[in-house]
Amino acid sequence: MGLPDQKWAKSLFDRSSKGLILLHLFLTLYYAIHSVVLMLAVNAVCALSFVFALRLLRRDRIRAHILTLYLTELIHLAVSAVCLGWSAGFQLPLIGLTAMIFLGEYLGRSMKLPYIRALPTAAVNFAVYVLVFQRFFHSPGLLGLPQNMVFPVETVLSLLAFALLVWGMLSVVQLTSVSEHSLANKAETDELTGLYNRAGYDRLLEELDLKTTTLLLVDTDKFKGINDRFGHDMGDRVLQKISRSLLGNFRQNDYVCRIGGDEFAVLMVNVGTLGNEKICEKIRYINRELAATAADDLPAVSVSVGVAHGASAENWTELFKRADSVLYRVKQDGGRGCRVYSAS
């Protein structure tokens, strides 16, 4: 299974890559005008490498995409330093490398890989750029400018670096939140049905108000017989059909969970005892759906349901026991039905 938020991340990577391609094409032209052949060649290679990286991204090879960007900017930096001295073309590669660090941290967090901490590294990059290179060195391209243009251009580069740092800080905070939220959702999601699993159910109990919640325990009738007769693959398809039927027949603000092998729970909010008949009518409709076999060629199946309202329960454990007790009575009566708990 890919990253739950992969589409959003790929969009960010795509925009960043296109921006860096345009930047290196601009620098290629810029150095061509000023006859700095080596830097012209380096930036042209960078632009081509980023085009290749973009193709990797569109083939869902995200790790290879990020690695290509990292290596390209590192090579750009190394060639500038070794061949033309530390003064040559250092500013923009440093900015680009900082951008890759931000993206790389998110990749590491999302895929649970070793990753570099972006914020302190970016801060060091920015400090080195402003305090050392911006203060003491100029690139060959900038030396080709009229003297009165050098300071404005370098000021623009400094603002670009500062904007990148701010953007990166906000992005890492947002991406970290998205990543952690996605991982939490994955931990609370049943892989077969896409419903909340038992961990998700337990968390919901911590968040919902007991007194305004109605619990439905849903048990699949004679499910073992389906597995024995048709096999576990067919059994899985039946469970998926039950899940779809439950989701389709309850409200969007109700919570449907798979809490066991063939056991489900529905947490309904603000229903009250006046909704008992509507709940039972939903169950009757669901059982009619599950009995229909023509459309999907699945064996007929039915569910038994026990319902309990939290208004008079002392805690969630008591509410569960009440719903379970009336579910047991439905099963004793042959299943395929619905019963609501009553203290009287």
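(A) Local environment of the overall build of the chain. Within the chain, the secondary structure is distributed over twelve helices and five strands. Residues classed as buried in the chain amount to 47% of the 344 residues present. A separation of at least 24 residues holds for 68% of the contacts in the chain among residues at least 6 apart in sequence.

(B) Inspection of a nonpolar patch on the surface at higher detail. A surface patch of nonpolar side chains, about 380 Å² in accessible area, is lined by L67, L71, L74 and I75. Considering the arrangement of structural elements, one finds I75 in helix α3 (residues 62–84).

(C) Representation of the nonpolar core in the model. Formed by 22 residues in total, the largest nonpolar core has its most connected members in L216, I242 and F250. In this view, I242 contacts T220, F264, L290, V301 and V303; residues no more than four positions away in its chain are not counted. Ranked by size, the runner-up nonpolar core spans 18 residues in total, among them L210, L215, C257 and V269.

(D) Spotlight on the environment of I75. For I75, a relative accessible area of 53% puts it in the exposed group. Between the C-alpha atoms of I75 and V42, which are 33 residues apart in sequence, the distance is 8.7 Å.

(E) Spotlight on the packing of aromatic side chains. This model, assessed by the stated rule, comprises one aromatic pair. Over the ring of F250 we find K282; its NZ or CZ atom is 5.6 Å from the centre of that ring.

(F) Structural context of the packing of helix α10 (residues 232–249) against helix α11 (residues 276–291). For the pair α10 and α11, interaxial distance at closest approach is 10 Å and the crossing angle is 145°. Of the two elements, α10 crosses α11, and the hand of that crossing is right-handed. Seen from α10, the contacting residues are K241, I242, S245, L246 and N249; seen from α11, they are K282, Y285, I286, E289 and L290. Per-class residue counts for the contact of α10 with α11 are five nonpolar, two polar and three charged.

(G) Structural context of the pairing of strand β4 (residues 303–309). Along β4, seven of the seven residues are buried, which leaves the element largely enclosed by surrounding structure. Where burial is concerned, the two faces of β4 agree: the one with V303, V305, V307 and H309 and the one with S304, G306 and A308 are both buried. Looking at chain direction, strand β1 (residues 213–220) and β4 are connected through seven bridges and run antiparallel. The residue bridging L216 from the neighbouring strand is V307, located in β4. Handedness of the β4-helix α12 (residues 316–332)-strand β5 (residues 337–340) crossover: left-handed.

(H) Representation of the confidence of the model for the chain in the model. The pLDDT averaged across the chain works out to 78; a share of 67% of its residues lies at or above 70. For the chain, the element scoring lowest by mean pLDDT is helix α6 (residues 140–143), at 52; β4 scores highest, at 97. Confidence drops under a pLDDT of 50 for residues 1–5, and excluding neighbours within four residues, the segment shows eight contacts in the predicted structure.

(I) Looking closely at unusual backbone geometry. At N270, a position not held by glycine, the phi torsion is positive, near 55°. Mapped onto the elements of the fold, N270 is located in the loop between β3 (263–269) and α11. In this model, R336 sits at a positive phi of 50°, which is unusual for a non-glycine residue. Here R336 shows up in the loop between α12 and β5.

(J) Quick peek at the environment of K282. Counting through the fold element by element, K282 comes out in helix α11. Along the backbone, K282 and F250 are 32 residues apart, and their C-alpha atoms lie at a distance of 7.8 Å. Contact partners of K282, with chain neighbours within four places excluded, come to N249 and F250.

(K) Spotlight on α11. Helix length check: α11, at 16 residues, gives a terminal C-alpha distance of 23 Å against a target of 22 Å (1.5 Å per residue), a fit within 8%. Within α11, burial applies to N276, I279, C280, I283, I286, N287 and L290. The buried side chains of α11 occupy one side of the element, clustering within an arc of 115° when seen end-on. Exposed positions of α11 whose direction lies more than 90 degrees from the buried face are E277 and K278.

Analysis parameters
- Residues numbered from 1 in each chain as written.
- Predicted model: local features only at pLDDT ≥ 70, side-chain atom pairs only at ≥ 80, totals over all residues.
- Heavy atoms only, no water.
- Helix = DSSP H or I, 4+ residues; strand = E, 2+ residues; numbered from the N terminus.
- Buried < 20%, exposed > 50% of the residue type's maximum accessible area, 1.4 Å probe, protein only.
- Contact = heavy atoms within 4.5 Å.
- Patch = residues over 30% accessible without salt bridge, like charges linked within 9 Å, V, L, I, M, F, W, Y side chains within 5 Å.
- Areas by Shrake-Rupley, 256 points an atom, 1.4 Å probe, with all protein chains shown as cover.
- Salt bridge = Lys/Arg side-chain N within 4 Å of Asp/Glu carboxyl O.
- Core = buried A, V, L, I, M, F, W, Y, C linked by side-chain atoms within 4.5 Å.
- Phe/Tyr/Trp six-rings, centres within 6.5 Å; stacked < 30°, edge-to-face > 60°.
- Lys NZ or Arg CZ within 6 Å of the ring centre and 35° of its normal.
- Axes fitted to C-alpha atoms, helices over the stretch in contact; angles between N-to-C directions.
- Left-handed = near helix turned anticlockwise from the far one by under 90°.
- Nonpolar A, V, L, I, M, F, W, Y, C, P; charged D, E, K, R; others polar.
- Pairing = 2+ DSSP bridges.
- Right-handed = clockwise from strand over helix to strand, strands pointing away.
- pLDDT = per-residue confidence, 0-100.
- Expected span 1.5 Å × (residues − 1).
- Arc of directions from axis to C-beta.

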